[in-house]
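Structural characterization, general
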Amino acid sequence: MPHSFLVIDDSKLHHQMYRLIFSRGALAGSTVHYATNGREGYGLLAAHPELTLVLLDLNMPEMNGLEVLERRRAEGLHPHIPIVLVTTEGSAEDEARGRSAGAWEYLRKPFQPADVEHLVMRALAKAEPIA
Amino acid sequence: MPVEERQIRAPLLGFADAMEARAVADTASAPGPELHLLTFVLEREEFGVPVTQVREVIRVSDITRVPQAPAHVRGVANLRGRILAVVELRSRLGLPPADLTPRSRVVVVEVRGRVLGLLVDAVRQVTKVPEASVVPAPEEVISADVDYLRGVARWQSRLIILLDLEKALLPTE
Amino acid sequence: MSVGDENPFGELLQDYVLECLPLAEQVADTFVELERRWRAGDPADELLGSLPGRLHTVKGNSAMMGLTPAQETAHALEDACGLLRRSSERRTDPAAALLITGGGLLVDLVRQASPELDPGPAARYVERVRQWMQGEGPPAADTQSERRRTDRRGGGGADKTDSVVRVDFRRLDALLEVLGEGLIQHSALAEAYRRLARRSGACEELDRLDQTILALEKTLKRLESTLMETRLLPIASVFGRFPRMLRDTAEAEGKRVRLLQSGGETPLDKAVLDRLSEPLLHLVTNAIVHGMEPPDARSLAGKPEEGTIRLDAAPHAGRVVIRVADDGRGLDEKAIRKKAEALGQELRDDEVVPLRSLIFLPGLSTAEQVSRLAGRGVGLDVVAGAIHALGGTIDVETEPGKGTAFTLSLPVTLAIIRSLIVEIDHERFALPMAHVAETVRAEPDAIREINHRGVAQWRGDLIHVADGGAVLGTAAADRAPRRFYVVMAAGGKRQALLVDRLVGHQDIVVKGLDPALGRPDVVSGTTILGDGRVACILDSVRILEGGRRAG
Ligand SMILES: [Mg+2]
C-alpha cells in the first residue's frame, strides 16, 4: 500500500529534506511528486487524485501557497486530499487565513521528520481507522 | 498418487473397523480422565497433540528455506519478530512430501521450552477424548514412523493418532 | 551536549550551501547597490522588494538545518527590510551600512554552514538591528570583529561541557565495526592455537599463548561493553516529542487526553531509539484517534471525561519493556475476528488463535465503512514489522470498556551489520558488506571454464566464480543465467558468487540460528528484512574457505 505525496516548495533543499523523510521507515517506498512553484504544483494536484497528502509551502514566487488553496477551493479540485500549509514562523493570522482557504493542517519550520510522519499518520488515521 | 494412497488407507480402515467393535463396548463405562487435543491432518490421517503444548496456529506465510538444513526442516518464518523454525512434519514422520495448499497451517508448539512450528496439511479442531480410548499404535496400520507416536485414540468413529512431540522434535542432540 | 541532538538533515549541509549561498550573496550585493542608489536619491523600491523572499528562504532553510545564527541574522535583515519598505525616511547611509554589515555576516554564516559556530556575533548583530528599528540609531559598529568571530570556536574556554565530547554517531558505528573485526580475528587466533596445540602437544610457550588469547578476549569484551554504553541514550529523547503531538492530535480529534510517562531515564542504543520513535508515535496516535472515546461518551460510560494514555519504560531481564496503555474503549475483539476471517484467516477455535496474532495482520481494520483512502493505511502490521526488524516483540491486551495496552520488548543494543541483499533462486540472502569487494554484471563471455571451475578476470587477476545456487544447494535445473556476481574478499582470499539479483544495501539485525536448523556451513545467522520475510545471512568467510567447516 504505497502512499503518494506532493511537495510544492520553491526550495530544492526542502525537496531533498522531504526525500529523506519519505524514504524512511513506514513511508519508505512512497511515491513523491515535486513542484517548485504553485502553478506547477496545482497541475500535479489535478493530475493525481490518489495523493495521500500535499505539503504546500506558503512563500513561493509564481502563485504562493494561499493562492493555490484559494484556486483549489474555487474549482473544487480533489477536496478529499488533505493539504498541509508549510510556513516559517507563520503568524496566527497566517494560520487562520490558511485554514479558511482550506488547509487541513499547518506546519511550521523548523520541523522534524517525525512531525511530517505524524501528520501523515493523522491523515491516514482520519481516513482509515485501525482496530 | 491414488494408488499409494489406497495402499496406505486399506490397512488403516481395517484397523478402524476392529476398533469400532471395541469402542462400542467401551462407551458404556463412565467417562474417565480426558485428553484435550488439537487435531490436524497429514496424508488424510488425523493427528493430535495436547493443547497444552500448542501456542497458536498460524497461516503459512513466507517460509524461508535454509541452505544445508536437515531434510525435515522446511525453513524459518517470522513469528512476530521471533525466528520460528518450521518442521516439515510429513518428512519427519516418514510420509511422502506434499505441496502447500490454502489449508496448510503451521502449528506453533512449545516443547520443553523450545518453540517450533509444525507444517501440517490442515488443522481440524480442538477436541476432548477419554484417556481410556488410547491404545498403543499398531505399526502395521499406521503409515507414519511409529517411534514418534504415543498411541491412537479411537473416539466417536474417529481415529486420532497421538504424536509424541518430544520424541518427534527433540531427537537426542 | 549529547550525541542525540544531531540535525536529522545533517547530510544535506552541502545542498543547503548550494541553495542558500547564492541567495545570501545576492542579498549582500543588493545592499551595496541600495546604498549607491539611496545616495543618488533613488528610493530603489523594486530592489527592496526583491529582498524579503530571498531572506525568508534563507531563514527557513537555516532553521531547518538547525543553523540558528544564520536563521536569526536572516530574520533580523528581513524585519529591517520590511521597515525600510514601509518608511522611506529611514533609507539613510547608516541604515545601508547596517544592512551591508548584516549581508556580509549572513554570507559568512551560510558559507561555513556549521552548527559549531559561535552564536555571539549573530546575537550582537540582531540586537543592533533591534535597536535601530526602535529608532535608536545604529550603535557604533564593530563590524570587523563580528565578522572575524564567526570562525570556529577555539579549544580554549572551559564551559559546562568540560568533560563531554561531541562525537558524530557514525564514528561510534565505525568503531563498532572495527571491534567486530577484532572479535573475528580473535576467534581465528583461538582456532589456530587449538590446531597448534593438537599437533605439538602441551608446552610452556603454548600455555602462555593460551593465556594471552584469553586475556585478549576479555579485553575485547570490555571494549565492547564500554562502546555499547557510549551508544546508550535515555528513552526520554523519544518520549519528549509526545506531549506536543498528543495535544495537537487530541485537539484535532475533539478528545480530552492527558499523557503520563515513567521510565524516561531508561537507556537504549541510539540505533534502537532512532527506529523506535515512529512505531511508538503510531501507537500513541492510534490510542487517541481510535482508543479514546469522545468526552461525552466517556462520561456516559461513567469514566472521567479526560482519558489517560500511559507511556512506561523499564529495563527488564536485559531488555527494555515499553508499554503504551490507554483507558479507552478497548478493542472490539469480535469485529477483529470477523475481519480477520474475511481476510482469510481461519478461526475455528478461539483458544488457539490469540487476538495478538490477528491484530497485527496486514490490512486488518475494524472500520465499519470503507473509507475514501481505504487500503492505504499504515496499519498495526507496519508497527509490528518495525518492532520485529529491531529484534523486538509486540503484544496486546485489551478489555472492552477498560482500555488497550501494547507491550513492546526490545533489545537494549543491536547487533547490526551493513549487508548486501541478493537473490539466488528466488530466495533472498544477506552478504555482510565487510567482505563484499565489488558487484559486477555478469556479461555472457566474461566467465570462462578452467578445470571445471568458472573463472573471471577481476582487477588483473583470475578469480573463481562459483554459482550461488550450487554453493547453497538450491540450484534449479531450468533457470535463466545469473545476471550478477559479487566479489567477496576476506583474509587474502577472493572469490565471486553468481547471483540472480542485487536487491540493495541494508543494515540488518543479526539473529541466531535455531538448533533445529543444524549447523549449516554457509549460513551464519538469520535476519528479518524490511518486508517481514526472513533471510539467511551468508557466512562469506566459510564460503571463501570452500564451504567446509574447519576441523
Ligand atoms: Mg518558500
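Look up: the structure comes first, before these words.
Just so we're clear, the structure is a prediction, and the values are computed from it rather than from any experiment.

What follows concerns the overall build of chain C. For chain C, the count of helices and strands is 18 helices and 18 strands. Taken over 551 residues, chain C has a buried fraction of 48%. Restricting to contacts in chain C with at least 6 residues of sequence separation, those with at least 24 account for 67%. As presented, chain C carries roughly 27200 Å² of accessible surface, and 51% of it is formed by carbon and sulfur atoms.

A count of helices and strands for chain A gives 5 helices and 5 strands. Written out in order from the N terminus, the α and β elements of chain A read β-α-β-α-β-α-β-α-β-α. Sorting the 131 residues of chain A into buried and exposed places 60% on the buried side. In chain A, the share of contacts with a sequence separation of at least 24, taken over all contacts with a separation of at least 6, comes to 61%. Accessible area for chain A stands at about 4800 Å²; split by element, carbon and sulfur atoms hold 51% of it.

Between chain B and chain C, the contact holds 32 residues from the first and 38 residues from the second. Carbon and sulfur atoms make up 56% of the area that chain B and chain C hide from each other, which totals about 3000 Å². Counting across the chain B and chain C interface gives 1 salt bridge. Its salt-bridge partner being R114 of chain B, residue D514 of chain C comes within 3.5 Å of it at the nearest N-O pair. Across the chain B-chain C interface, the total number found is 4 residue pairs in polar contact (both at pLDDT 80 or more). For the side of chain B that touches chain C, the secondary structure elements donating two or more residues are β1 (34-42), β3 (54-59), β4 (73-79), β5 (82-88), β7 (114-120) and β8 (122-130) of chain B. The greatest single-element share of the side of chain B that touches chain C, amounting to 5 residues, is contributed by β3 of chain B. Here the residues of the side of chain B that touches chain C are counted per class, giving 17 nonpolar, 5 polar and 10 charged.

The next subject is unusual backbone geometry. Most peptide bonds take the trans configuration, and most residues that are not glycine carry a negative phi. Here the bond from K109 of chain A into P110 of chain A is cis, since omega is 0°, no more than 30 degrees from zero. Note on placement: P110 of chain A falls in the loop between β5 (105-109) and α5 (113-127). You will see that E43 of chain B, though not glycine, has its phi angle at about 50°, which is positive. Here E43 of chain B shows up in the loop between β1 and β2 (45-50). Judged by its relative accessible area of 14%, E43 of chain B is buried. The backbone of Q156 of chain B sits at a positive phi, close to 50°, despite the residue not being glycine. Among the secondary structure elements, Q156 of chain B is positioned in the loop between β10 (149-155) and β11 (158-163).

All names here are of chain C. If you walk across this open sheet you meet the 6 strands as β10-β14-β15-β13-β12-β11, and the pairing is mixed. Each edge of the open sheet is held by one strand with a lone partner, namely β10 (436-441) and β11 (447-450). The mean inter-strand angle of the sheet, taken between neighbouring strand axes irrespective of direction, is 35°. When β11 meets strand β12 (residues 453-458), the two strands line up antiparallel, connected through 4 bridges. If you follow I450 over to β12, its bridge partner there is R453.

Bringing the coordination of the magnesium ion into the picture now. Four donors placed tetrahedrally around a metal ideally meet at 109.5 degrees, and six donors placed octahedrally ideally meet at 90 or 180 degrees. Residue and element names in this part refer to chain A. Taken together, D10 (OD), D57 (OD) and N59 (O) make up the protein donors of the magnesium ion, found 2.0 to 2.3 Å from the metal. We note that the donor set of the magnesium ion lies within a single chain, spaced as D-x46-D-x1-N. Taken together, the residues span a long stretch of sequence, with D10 in the loop between β1 (4-8) and α1 (12-21) and N59 in the loop between β3 (53-57) and α3 (65-75) at a distance of 49 residues. D10 gets classed as partly exposed once you look at its relative accessible area, which sits at 25%.

All right, on to helix α2 (residues 38-47) of chain A then. All names here are of chain A. Those residues of α2 that fall on the buried side of the exposure criterion are G38, G41, Y42 and L45. Buried residues in α2, looked at end-on, bunch into an arc of 100°, giving them a common side. The inward-facing, buried residues of α2 contact β1, β2 (31-35), β3, α3 and β4 (83-88). Between the side-chain oxygen at the start of α2 and the backbone nitrogen of R39 there is a gap of 3.0 Å, and the oxygen is on N37.

Consecutive side chains of a regular strand alternate in pointing toward one face of the sheet and then the other. Residue and element names in this part refer to chain B. Counting buried positions over the 7 residues of β5 gives 6, a clear majority of the element. Direction of pairing for β4 relative to β5: antiparallel, over a ladder of 6 bridges. Counterpart to V76 in the pairing with β5 is A85. The turn joining β4 and β5, which pair antiparallel and follow one another in sequence, is formed by 2 residues; a positive phi near 45° is taken by R80. The pairing of β5 with β7 spans 3 bridges and is parallel. Each residue of the ladder has a partner; that of V87, found in β7, is L118.

Residue and element names in this part refer to chain C. Ordered by their spatial adjacency, 5 strands build an open sheet running β2-β4-β5-β7-β6, and the pairing between neighbours is mixed. The open sheet has two edge strands, β2 (257-262) and β6 (393-399), and neither has a second partner. Taking the axes of each pair of neighbouring strands and ignoring which way they run, one obtains an average angle of 15° across the sheet. With 8 bridges connecting them, strand β4 (residues 307-316) and strand β5 (residues 319-326) associate as antiparallel partners. Opposite A314, over in β5, you have V321 as the bridge partner. Contacts from helix α12 (residues 270-291) reach β2, β4, β5, β6 and β7 (403-411) within the one sheet, and its direction differs from that of β5 by about 20°. Contacts from helix α16 (residues 380-389) reach β6 and β7, with the element oriented near 140° to β6.

A full pass over the atoms with the stated rule returns 42 salt bridges over all chains. Note that E46 of chain B and R124 of chain B form a salt bridge whose closest N and O atoms lie 3.4 Å from each other. Of the two residues, E46 of chain B is situated in strand β2 and R124 of chain B in strand β8; the sequence distance between them amounts to 78 residues. The exposure class assigned to E46 of chain B is buried, which follows from its relative accessible area of 6%. A relative accessible area of 39% places R124 of chain B in the partly exposed class. Salt-bridge contacts for R111 of chain C lead to E25 of chain C; the nearest nitrogen and oxygen are separated by 3.4 Å. Taken together, the residues span a long stretch of sequence, with R111 of chain C in helix α5 (residues 93-112) and E25 of chain C in helix α1 (residues 13-39) at a distance of 86 residues.

This brings us to the nonpolar core. Membership of the largest hydrophobic core comes to 67 residues, with the highest contact counts inside it found for Y18, F22, L55 and V116 of chain A together with Y16 and L34 of chain C. Counting residues per element, this core draws most heavily on α1 of chain C, which supplies 11 residues. In contact with L55 of chain A, other than residues within four places in its own chain, are L6, V7, I8, Y18, F22, V84, V86, L107 and V116 of chain A. Formed by 62 residues, the second largest nonpolar core is a distinct cluster that contains A69 of chain B together with L420, F429 and V436 of chain C.

On to the side chain of D539 of chain C. Looking at the element boundaries, D539 of chain C is found in the loop between β18 (534-538) and α18 (540-544). Sequence-distant contacts of D539 of chain C, that is, excluding residues within four places in its chain, are made with D521, V522, V523 and S524 of chain C.

Calculation notes
- Residues numbered from 1 in each chain as written.
- Chains lettered and ligands numbered in written order.
- Predicted model: local features only at pLDDT ≥ 70, side-chain atom pairs only at ≥ 80, totals over all residues.
- Heavy atoms only, no water.
- Helix = DSSP H or I, 4+ residues; strand = E, 2+ residues; numbered from the N terminus.
- Buried < 20%, exposed > 50% of the residue type's maximum accessible area, 1.4 Å probe, protein only.
- Contact = heavy atoms within 4.5 Å.
- Areas by Shrake-Rupley, 256 points an atom, 1.4 Å probe, with all protein chains shown as cover.
- Buried area = accessible area lost by both parts, 1.4 Å probe.
- Salt bridge = Lys/Arg side-chain N within 4 Å of Asp/Glu carboxyl O.
- Polar contact = N/O pair within 3.5 Å; in protein donor to acceptor, adjacent residues only side chain to side chain.
- Nonpolar A, V, L, I, M, F, W, Y, C, P; charged D, E, K, R; others polar.
- Pairing = 2+ DSSP bridges.
- Axes fitted to C-alpha atoms, helices over the stretch in contact; angles between N-to-C directions.
- Donors = N, O, S within 2.8 Å, 3.2 Å for Na, K, Ca; no water.
- Arc of directions from axis to C-beta.
- Core = buried A, V, L, I, M, F, W, Y, C linked by side-chain atoms within 4.5 Å.

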